[in-house]
Amino acid sequence: MIVHKIGCPNHMRLGFVESQAAMASIMKYANHPPPAFNTLFPRDANPDAVDLLHKMLMFHPEDRVSVEEALAHRYL
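Student: Can you lay out the confidence of the model for the protein chain for me, pointing to particular residues and giving the numbers?
Tutor: Of all residues in the protein chain, 100% have pLDDT values of 70 or greater, and the mean over the chain is 91. Here helix α1 (residues 2-6) stands out as the element of the protein chain with the lowest mean pLDDT, 85, in contrast to helix α4 (residues 67-72), whose mean of 97 is the highest.

Student: Describe the nonpolar core, naming the residues involved and giving the relevant values.
Tutor: Core analysis: the largest hydrophobic core is formed by seven residues, namely Val3, Cys8, Leu14, Val17, Met23, Ile26 and Phe59. Those residues in contact with Leu14 that sit more than four places away from it in its chain are Pro9, Met23, Ile26, Met27 and Phe59.

Student: Lay out helix α3 (residues 47-56) with the relevant residues and their values.
Tutor: When we look at burial in α3, the residues that qualify are Ala49, Val50 and Leu52. Taken end-on, α3 shows its buried residues confined to a sector of 165 degrees, consistent with a single buried face. Buried-residue contacts for α3 involve α4. Where α3 begins, one side-chain oxygen reaches toward the backbone nitrogen of Asp48, 2.7 Å away; that side chain belongs to Asn46.

Student: Quick rundown of the side chain of His60? Include the residues and the values.
Tutor: Tracing the backbone shows His60 in the loop between α3 and α4. Separated by 3.1 Å, the side chain of His60 and the backbone nitrogen of Glu62 make a polar contact. Setting aside chain neighbours within four positions, we find His60 in contact with Arg13 and Phe16.

Student: Any chance you could break down the environment of Tyr29 for me, citing the residues and the numbers?
Tutor: Structurally, Tyr29 is set in the loop between α2 (20-27) and α3. For Tyr29, a relative accessible area of 25% puts it in the partly exposed group. Apart from residues no more than four positions distant in its own chain, Tyr29 is found in contact with Val3, His4 and Cys8.

Calculation notes
Residues numbered from 1 in each chain as written. Predicted model: local features only at pLDDT ≥ 70, side-chain atom pairs only at ≥ 80, totals over all residues. Heavy atoms only, no water. pLDDT = per-residue confidence, 0-100. Helix = DSSP H or I, 4+ residues; strand = E, 2+ residues; numbered from the N terminus. Core = buried A, V, L, I, M, F, W, Y, C linked by side-chain atoms within 4.5 Å. Buried < 20%, exposed > 50% of the residue type's maximum accessible area, 1.4 Å probe, protein only. Contact = heavy atoms within 4.5 Å. Arc of directions from axis to C-beta. Polar contact = N/O pair within 3.5 Å; in protein donor to acceptor, adjacent residues only side chain to side chain.

Right, dumping it as structure tokens:
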């Protein structure tokens, strides 16, 4: 469900996934573009909150916002 909502990363960036079962589940969505992230929330959702969530929910750990960056985000 997570990959369905946020998208499947490039196969070359999935080296940190150790489980073959997890990899198979992720790859089911390899050719399915995710919906626009902001469409997953009500229209009146705070755009800054949606932006921070988007940065926190990046699939690859290196792409995620750091704690320091999150705490400095305009939403907080």
